[in-house]
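# Residue-level structural notes
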Amino acid sequence: MIKAEKLTKIFRTDEVETTALNAVSFEIKRGEFVAIMGPSGCGKSTLLNILGLLDNPTTGGYYFLDNEVSKSTERQRANLRKQNIGFVFQNFNLIDELTVFENVELPLIYLGMPSRDRKKRVDEVLAQMQISHRAKHFPLQLSGGQQQRVAVARAVVAKPALILADEPTGNLDSAHGEEVMNLLNDLNVNGTTIIMVTHSQRDAEYSQRVIRLFDGQIINENIKKSFV
Amino acid sequence: MNKYGELIANYVRLAFRRMIRQPSYALINLVGLSTGLMVFLLIMTYIVREYDYDRCWKDYEKIYRINATLDFNGRVDHFAMSSYNIVQSMKHDFPEVEAATMILRTSSSDDQTGITVWIDDLMYELRSFTYADADFFKVFDFPFVEGNAENALKEPKSIVINTVTAHQFFGDKPALGKMLRINKTTFVVTGVIDRSEIHTHLQFDALASLNTYPASTIEQFTNDWFWLIGYTYVKFGNKTDAEHFAAKLDWLAKETIQPWIKQVNVDGSIHLHHEPLTHIHFNNKLQYDSSSNTNKNFVNLFGFIAVFLLLIASINYMNLATARSMKRAREIGIRKVAGAHRTQLIMQFLGESMVLSLIAFLIALSLAELSLPYFNNLIGLNLSLSALFFSESLLPLIILIMAILLLGMLSGLFPAFVLSSFSPIQVLRPGINPGNTHMFSSGNLRKILVVLQFIISIGMIISTLVVSKQLKFMQNAPKGFQSEQVMVIHFPHDSSLFANKEVIRHQILEVPEVQQVSLSQSLPGYKSGRLMFFVGDTVKPEVHTINLYVVDHEFFDLLKIKLIEGRLFSKEYPNDASTAFVVNKAAADYLGYPNPLEVEMNCGMGVQGKIVGVVDNFHYSSMHQPIEPLVFILVNKRADYLAVKLNSRNMSETVARIGDIWQKFDSKHFFHYTFLDDRFAQQYRHEQQMLSLFGYFSLLVILISCLGLYGLSAFSIEQRTREIGIRKVLGASPRHTLMLILRGFMTLVLIAGLISLPVVYYLMTEWLNGFAFRVGLNPLWFLGGFFIAMLIAFATIMIQATKALKANPVDALKYE
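Conventions and cut-offs
- Residues numbered from 1 in each chain as written.
- Chains lettered and ligands numbered in written order.
- Predicted model: local features only at pLDDT ≥ 70, side-chain atom pairs only at ≥ 80, totals over all residues.
- Heavy atoms only, no water.
- Helix = DSSP H or I, 4+ residues; strand = E, 2+ residues; numbered from the N terminus.
- Buried < 20%, exposed > 50% of the residue type's maximum accessible area, 1.4 Å probe, protein only.
- Contact = heavy atoms within 4.5 Å.
- Areas by Shrake-Rupley, 256 points an atom, 1.4 Å probe, with all protein chains shown as cover.
- Lys, Arg positive; Asp, Glu negative; His and termini not counted.
- Charge placed at Lys NZ, Arg CZ, Asp CG, Glu CD.
- Rg over C-alpha atoms; globule rule 2.2 N^0.38 Å.
- Salt bridge = Lys/Arg side-chain N within 4 Å of Asp/Glu carboxyl O.
- Core = buried A, V, L, I, M, F, W, Y, C linked by side-chain atoms within 4.5 Å.
- Buried area = accessible area lost by both parts, 1.4 Å probe.
- Pairing = 2+ DSSP bridges.
- pLDDT = per-residue confidence, 0-100.

### Points about the overall build of chain B
A count of helices and strands for chain B gives 26 helices and 25 strands. Here the C-alpha coordinates of chain B stretch approximately 105 × 60 × 55 Å along the principal axes. Looking at the 816 residues of chain B, the share that counts as buried comes to 54%. Long-range contacts, defined as pairs at least 24 residues apart, comprise 80% of the intrachain contacts of chain B with a sequence gap of at least 6. For chain B, the accessible surface area stands at approximately 36000 Å², while carbon and sulfur atoms represent 59% of it. Across chain B, the 72 positively charged side chains and the 69 negatively charged ones have centroids separated by 15 Å.

### Re the overall build of chain A
A count of helical and extended segments in chain A gives seven helices and ten strands. For 228 residues, the compact-globule formula gives about 17 Å, and the C-alpha radius of gyration of chain A, at 17 Å, lands near that figure. Judged by the C-alpha coordinates and their principal axes, chain A covers about 50 × 40 × 35 Å. Per-residue burial for chain A yields a buried fraction of 58% across its 228 residues. Contacts in chain A between residues at least 24 apart in sequence constitute 67% of all its contacts with a sequence separation of at least 6. Accessible surface for chain A amounts to roughly 9900 Å². Of this, 47% is attributable to carbon and sulfur atoms. Taking the average location of the 27 positive side-chain charges in chain A and that of its 27 negative ones, the two points are 6 Å from each other.

### Quick notes on unusual backbone geometry
Residue and element names in this part refer to chain B. The phi angle at D120 is positive, at roughly 50 degrees, despite the residue not being glycine. Following the sequence through the fold, D120 ends up in the loop between strand 5 (115-119) and strand 6 (122-126). For K157, which is not a glycine, the phi torsion comes out positive at approximately 60 degrees. Mapped onto the elements, K157 comes out in the loop between strand 8 (144-147) and strand 9 (158-162).

### Description of the pattern of salt bridges
Applying the stated criterion across every chain, the model contains 40 salt bridges over all chains. The partner of R127 of chain B in a salt bridge is D205 of chain B, with the nearest N and O atoms 3.5 Å apart. Within this pair, whereas R127 of chain B is found in the loop between strand 6 and strand 7 (129-132), its partner D205 of chain B is found in the loop between strand 11 (185-193) and strand 12 (206-209), the two being separated by 78 residues in sequence. Note on R127 of chain B: relative accessible area 47%, which makes it partly exposed. Among the ionic contacts, a cluster of salt bridges with common partners joins E97 of chain A together with R18, R21, E331, R335 and E352 of chain B.

### Focus: the nonpolar core
Proteins that are soluble and globular tend to have nonpolar side chains buried together. Residues and elements named next belong to chain B. In terms of nonpolar packing, the biggest core is built from 131 residues, with F632 and F697 touching the most fellow members. Setting aside anything within four residues of it in sequence, one finds F697 in contact with V39, I43, F302, I305, F375 and M460. Among the nonpolar cores identified, the runner-up in size contains 82 residues, and Y64, M102, F136 and L249 belong to it.

### Things to note about the interface of chain B and chain A
Of the residues lining the interface, 27 residues belong to chain B; the matching set on chain A comes to 32 residues. Surface buried jointly by chain B and chain A totals about 2800 Å² across both partners, of which 54% is contributed by carbon and sulfur atoms. Among the residues of chain B in contact with chain A, V337, H341 and I425 of chain B are the three that bury the most area, contributing 20% of the side total. In this assembly, chain B and chain A are joined by four salt bridges.

### As for the sheet that holds strand 1 (residues 2-12) of chain A
Note: strands within a sheet are paired through backbone hydrogen bonds, in either parallel or antiparallel orientation. Residue and element names in this part refer to chain A. Within the open sheet, the four strands sit side by side as 2-1-4-5. Their pairing is antiparallel. Only two strands of the sheet have a single neighbouring strand rather than two, namely strand 2 (17-28) and strand 5 (67-68). Pairing geometry for strand 1 and strand 2, over eight bridges, is antiparallel. Among the inter-strand pairings, R12 is bridged to a residue of strand 2, identified as E17.

### Focus on the confidence of the model for chain B
Reading fine detail from the predicted coordinates is not recommended where pLDDT is low. All names here are of chain B. Averaged over all residues, the pLDDT of chain B is 87; the fraction at 70 or higher stands at 96%. Here helix 26 (residues 809-815) stands out as the element of chain B with the lowest mean pLDDT, 59, in contrast to helix 4 (residues 136-139), whose mean of 96 is the highest. Confidence over residues 433-440 falls short of pLDDT 50; this stretch has 17 contacts with residues more than four positions distant or in other chains. Listed scores for the predicted complex are pTM 0.79 and ipTM 0.80.

Now the structure itself:
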């Protein structure tokens, strides 16, 4: 599903040149649950941005669903993204002015799905995330755990093949964190590929494989569970 | 609903929710935009009216007025008027002229005094009344409510009145065929016209048939090409006929008029011009033109003010929207991650600003409707907003729709591009402050826009100051005569009343508060007549047209006009009435004789003799014009005004007593009076209106600018909360902190002042050049205006700054 070949990302400011990723290569197969770990500033988020088609690498090749996308335009990336990738963030990133329902509905609107189908699909996902009773509430009326469940609902509503989660439990207490991890695990069991950046060893336990980054390079890649 | 409909509904919903969540921000924008749009609506209505003058006629593009220019001895005068022979020539000599008509200028044609009308035994009043020939309604298709255009002015002693007058005179009964008496003539009402939808420079409430004049008078009209008695209008058969008409008018002047001039042995010439009807309203260059005419620059100036106000409100929106971009950056990131394209986001922000503009427009419309009566009162017109929406031309409506769209676009476009350019990577990570990244360089543009706002604000404040100073100057500058406590009674044209003039004078003089009484045909502030004078050598005299005042012996003393050479009219010289002229200094200088007291003069009003005295110059017309040459002769046949000099502490009682005395002699006319200084001040009506409007508009401009500044400083301080907190912890004093906040904004206002001052100086110099007598520009006014703007800006920012001062630094740091 994903193939990275010598991905390099260099950030330049007026005087300083920082290499965030340095010739990173790996492959992720459909249905995998991969955790990316490493200390702050090691390039985890940069990698996730490139994998999520939010950014292009400076050099190197990136194949997403067999398409070479490292030189794609913003528009092409946006199109691929909205059909195939869902995002979950540490700080939930819900739009405060939209209700739970509307937040979850957003990707479907940009996909151009008809209103009736949208309603059906959103209702399904909210039920799946056990948050249907909160559909008309605004994000600020919810607990952190509930907000993150809404965010997960939004990430999966368009049935993406890939979910990218950026420290999904970082802002949650352990009980709520576990809830969210269970949700992600369920999704993975049902066939969704998941790539998760995390600091938490506990969360990493849910994955089948951990990619460890240090100073922009992969230092260790270990398969924890058998992946069949 | 299709995909785009869904999106738009989503944006609209969001725009409303955001307004409710952040009411102060929405309020600043709504107040600004709706105030701007309200003023825009009012000014548009005014401009539409002014540009609409004389476009109400079916054939307005084919109608022209014939204006005469007289040249005597190199003194050239341009008149809106022409002589009787000219209209006759138009009617008979030019096949391309489909119809030609003349409307007379009379003493009661320009609503200066009003005229008394008798119907049976009841007295009524007409504001303005004049005569026109039978073809008048062939040129001007006034809608007839009663009677018909073909026959209305055919017969002598016919009169056409407007619907308002008809209602006033006859109530709801038909007016057609009714009799009314003006002076000694009884007229039959032959038509009632509806003027309510007619906006024209032709001002009259009643129009009588020209052939009411006796044949002998008309015969006199035909004897003189120079005698400009009225206004000639022609209607061409085709629009293109007008193009070659100038050559034909030259031909008429050369072949017909010039030989006559030679024959009467006068050193002068006439030139004729045809002026399109639609140009008249904005033409201020001709003498004796319609009093409704106005200055096009004045009208356009208000157009600029309207656009400025919209611009300032729009700038507020842009500035606040981009300043708040930090708060919205996350939303943009989320939308992008969810699959939004940049164009969709641009559409979203434009949609929001459009929604806001539309709401602002609806508020503005109600506000404009509510404030219209006050606005009408201020500009002395009777405007209606419906003119914008239901005008025959679609242009006003198109401009209005364009303005709203443009306002929405202009306000939304810049924020839309800035906000939609955010990259989700930068805005979605926690802990990143987008304020520090390059993409917020919109800060510089924001500064430029604030400077622009204050350039306009400072300019408006200074302009208001200058206009008020000029107005005060004109009202208070020495006029060269005393106008205080001079009551002016309008003397009706009535020979029996005139015969009693000495008795009336004496009785009025018996009122203890009355100091002096003077009878004349002219007074300062009223229009004066102009006459041809034959000066010097009696065999081949020079011909001059000079303004004429017909006065009595008391005139000069009553108005305290100073004699500088010779003597005034005196009862010791009984022949003065037929042999003596007094001139003002301007006339003495103009005639150019070394000793003016030896100059022989002769005028058409039966006076032939010498200049016996020269009086000092005084401002007999407004200070827009230089003091022109003026000749005085003694009253002999009739009078128009009775000036009464008072010395009274109880004006109303004195006026009532004089009124009682007057009415003993005259029960056939309304008792009309005014005060000379009021009348004189009326000449500055335009400037007075301009000042009030300028005052209100600059208030609004500064209000909206400060509203923006208030919002902007709030956001700026919010952005710098952490910085301020750190500074406080490190020991910054309140003064330091305050300086930190104030410095940025006040520098912008300072820069605006530096740019604004020279521009306003130039514009105000240009404006003042329109006055023959004007104040010198005082640098203090400029500094004062600038200082006022600085002070208001300072106060606005201080409101926010004090909040930052009071804040506990610990909170600010915890917040991070």
